[in-house]
Amino acid sequence: MKLKNFVEELQWRGMIHDVMPETETHLMESMRSAYVGFDPTADSLHIGNLVPIMLLSFYQRCGHRPVALVGGATGMIGDPSMKNSERNLLDEETLKRNQEGVRNQLSQFLDFSSGAENQAVLVNNYDWIKDFSFLDFIRNVGKHITVNYMMAKDSVKTRLSGESADGLSFTEFTYQLIQGYDFVHLNRNLNCTLQMGGSDQWGNITTGTELLRRMDSTKGYALTCPLITKSDGTKFGKSEGGNVWLDANKTSPYKFYQYWLNTSDEDAEKYIKVFTFLDKETIENLIVEHKEAPHLRLLQKRLAQEVTTTVHSAEEYEKAVKASEILFGKSTSADLKTLDAKTFLDVFEGVPQADVSKEDLANGIDIIGALAENTGFLKSNGEARRALKENSISVNKEKVTDNFTVSENDLINGQFVLLQRGKKNYFIIRAV
């Protein structure tokens, strides 16, 4: 496979924060192996992890071999970088389950199975750290790095001079040594010559290059990308409900799609370069088209399409689009019935609900009762009659008259009936 210029690719995408001198030349000489570490503190990655995933994916597309390191050992300690306090340590069983989740998600972005020369490799640093005795580690690794060197790192200085009275535990202080040794191990066993990560990892990564130099007289390279921010100052990767996860059970494809669709113009222009595989010409044309008609939100729509399709699938993307259109009146009863229960509740999040027995629905409930007495959606039977006379009532997106009966045939997913007055006034009947 012909090598492409990886550093150049990242530069136009705005994905380089720091890069060690000569890295570009080193990568253009022959196929190289590079690694990125992933913290297995949850059983799913979230969109905050997408940048390092994209780094590895672009790396493989440029002809090199990506190595994804799941930090089973380092996850037991916790990285002090950008943290104000020490976090809880996870047990081995939890870590194992989390690693399995991470492995599955990475395989959506990286080729682990084609047999190509630059096929991705997945490793777990617990496999080589677990047999290291404490004495062996401090004799064979610790002696190569001075305390002065470790104290000069920003991640350490920030914690020691911060507001927190807790300071920094010895456990966390040793984190950079263990991460540094990972680089040595991967260089010896997989010929890894480059470590990549977010800009907050520069200190840990350069400890690795220093250990390589001192232990094996070998040169290692380092590259970091900027930490992604949002133009409004809020944290990237967070929604009102917390993290936006890659696991469909934690964040539905609909909500995932909505997150990208709702980005600002300024952020969409930045994100489409980082989070999609579209080429430079396509992206530049999209930006021009978007600026000519910003109300069409072309950038946001294409960004949401590309990322949702990559993470979930083209089919889930189509479903998310259909679900989005339901709120804007462009849908039918048939469209509603294609939604699974979770997506239905996501689309109509915050809409008031009332429980009605399945037995009552089997017998049929007249529309006036369904609007007023049985649910409380409208205040009285008189108000229900007036609304029906005005032709403003819909059941499952279809207009109904005063002789309509709500029955079990109207259930969406065997669970819900959607009542609507006018364009934006919704109510959900839940069958129990």
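Predicted model, so just to flag it, every value in this text is computed and none were measured. (Residues numbered from 1 in each chain as written. Predicted model: local features only at pLDDT ≥ 70, side-chain atom pairs only at ≥ 80, totals over all residues. Heavy atoms only, no water.)

Caption draft 1: Region of the structure containing the pattern of salt bridges. Throughout the structure, instances matching the rule amount to 15 salt bridges. One salt bridge connects Arg 103 with Glu 100, and the closest N-O pair in it is separated by 3.4 Å. A residue pair is termed a helical-turn pair when its members lie 3 or 4 positions apart in one helix, as Arg 103 and Glu 100 do in helix 4 (residues 92-106) at 3 residues. Since its relative accessible area comes to 40%, Arg 103 is described here as partly exposed. Residue Glu 210 pairs with Arg 213 through a salt bridge whose shortest N-O separation is 2.6 Å. (Salt bridge = Lys/Arg side-chain N within 4 Å of Asp/Glu carboxyl O. Helix = DSSP H or I, 4+ residues; strand = E, 2+ residues; numbered from the N terminus. Buried < 20%, exposed > 50% of the residue type's maximum accessible area, 1.4 Å probe, protein only.)

Caption draft 2: Representation of the sheet that holds strand 2 (residues 33-38). With respect to topology, 6 strands assemble into an open sheet ordered 1-6-5-2-3-4, the strand pairing being mixed. Lying at the two open borders of the sheet, with one neighbouring strand each, are strand 1 (18-19) and strand 4 (121-124). In this structure, strand 3 (residues 65-70) lies alongside strand 4, joined through 4 bridges in parallel fashion. When the sheet's bridge partners are listed, Leu 69 is paired in strand 4 with Val 123. Contacts from helix 11 (residues 202-216) reach strand 1, strand 5 (192-198) and strand 6 (221-225), with the element oriented near 170° to strand 6. (Pairing = 2+ DSSP bridges. Contact = heavy atoms within 4.5 Å. Axes fitted to C-alpha atoms, helices over the stretch in contact; angles between N-to-C directions.)

Caption draft 3: Highlighting the nonpolar core. In this structure, Phe 6, Phe 38, Ile 47, Leu 50, Met 196, Trp 260 and Phe 275 are the most contacted members of the largest nonpolar core, which totals 57 residues. In terms of residues, this core owes the most to one element, helix 3 (residues 50-61), which gives 8 residues. Those residues within four positions of Met 196 in sequence are excluded, and the remaining contacts are Phe 6, Ala 34, Tyr 35, Val 36, Leu 55, Leu 56, Tyr 59, Ile 205 and Leu 223. One finds Val 121, Trp 128, Ile 178 and Val 184 within the second-largest nonpolar core, a separate group that totals 26 residues. (Core = buried A, V, L, I, M, F, W, Y, C linked by side-chain atoms within 4.5 Å.)

Caption draft 4: A look at the side chain of Asn 125. Inspection of the secondary structure assignment puts Asn 125 in the loop between strand 4 and helix 5 (126-129). A polar contact is formed between the side chain of Asn 125 and the backbone nitrogen of Gly 72, at a distance of 3.1 Å. With residues up to four places along the chain from it excluded, the contact list for Asn 125 reads Leu 69, Val 70, Gly 71, Gly 72, Ala 73, Thr 74 and Asp 182. (Polar contact = N/O pair within 3.5 Å; in protein donor to acceptor, adjacent residues only side chain to side chain.)

Caption draft 5: Structural detail: the UniProt feature "binding site: L-tyrosine" (unreviewed entry) in the protein chain. Cross-referencing UniProt, the feature "binding site: L-tyrosine" (unreviewed entry) maps to Tyr 35, Tyr 175 and Gln 179 in the present numbering. In this fold, Tyr 35 is placed in strand 2. Among the residues examined, Tyr 35 registers a relative accessible area of 1% and is labelled buried. Here Tyr 35 is in contact with Val 67, Leu 69, Gln 179, Asp 182, Phe 183, Leu 186, Cys 192, Leu 194, Gln 195 and Met 196, once residues within four sequence places are set aside. (UniProt positions renumbered as here; feature names shortened; annotations may be inferred.)

Caption draft 6: Summary view of the packing of helix 12 (residues 253-261) against helix 15 (residues 298-311). Two elements in contact, helix 12 and helix 15, have axes whose closest approach is 8 Å; the angle formed by their N-to-C orientations is 145°. The two elements helix 12 and helix 15 cross, and the hand of that crossing is right-handed. Of the residues in helix 15, those in contact with Pro 253, Phe 256, Tyr 257, Trp 260 and Leu 261 of helix 12 are Gln 300, Lys 301, Leu 303, Ala 304, Val 307, Thr 308 and Val 311. (Left-handed = near helix turned anticlockwise from the far one by under 90°.)

Caption draft 7: Summary view of the sheet that holds strand 11 (residues 393-395). Pairing in this open sheet of 5 strands is mixed, and the strands run 9-15-14-11-12 from one edge to the other. Either end of the sheet is taken by a strand with one partner, and the two such strands are strand 9 (353-356) and strand 12 (398-399). When strand 9 meets strand 15 (residues 425-431), the two strands line up parallel, connected through 4 bridges. In the sheet register, Ala 354 faces strand 15, and the bridge partner there is Ile 429.

Caption draft 8: Quick peek at the pairing of strand 14 (residues 416-421). Of all 6 residues in strand 14, 5 are buried, a share of seventy percent or more. Where strand 11 lies against strand 14, 3 bridges are found, and the strand directions are antiparallel. From the neighbouring strand, Ser 394 faces strand 14, where its bridge partner is Gln 420. Of the strand pairs in this sheet, strand 14 and strand 15 are connected by 6 bridges, and their pairing is antiparallel.

Caption draft 9: Quick look at helix 13 (residues 265-275). Within helix 13 the residues assigned to the buried category are Asp 267, Ala 268, Tyr 271, Ile 272, Val 274 and Phe 275. Angularly, the buried residues of helix 13 cover 165° about the axis, an arc narrow enough to put them on a single face. Elements in contact with the buried residues of helix 13: helix 3, helix 12, helix 14 (280-292) and helix 15. (Arc of directions from axis to C-beta.)

Caption draft 10: Geometry of the packing of aromatic side chains. Applying the stated criterion to the full structure yields 20 aromatic pairs. Between Phe 132 and Tyr 181, the aromatic rings sit 5.2 Å apart at their centres with planes inclined by 80°, giving edge-to-face as the arrangement. Of this pair, Phe 132 sits in the loop between helix 5 and helix 6 (134-140) while Tyr 181 sits in helix 10 (residues 175-190), and the two are 49 residues apart along the sequence. Residue classification places Tyr 181 among the buried positions, given a relative accessible area of 9%. An aromatic cluster is present here, built from Phe 236, Phe 256, Tyr 259, Trp 260, Tyr 271 and Phe 275 joined pairwise through their rings. Against the face of Phe 277 rests Arg 61, its NZ or CZ located 3.6 Å from the ring centre. When the ring centre of Trp 245 is taken as reference, the NZ or CZ atom of Lys 250 above it lies at 5.2 Å. (Phe/Tyr/Trp six-rings, centres within 6.5 Å; stacked < 30°, edge-to-face > 60°. Lys NZ or Arg CZ within 6 Å of the ring centre and 35° of its normal.)

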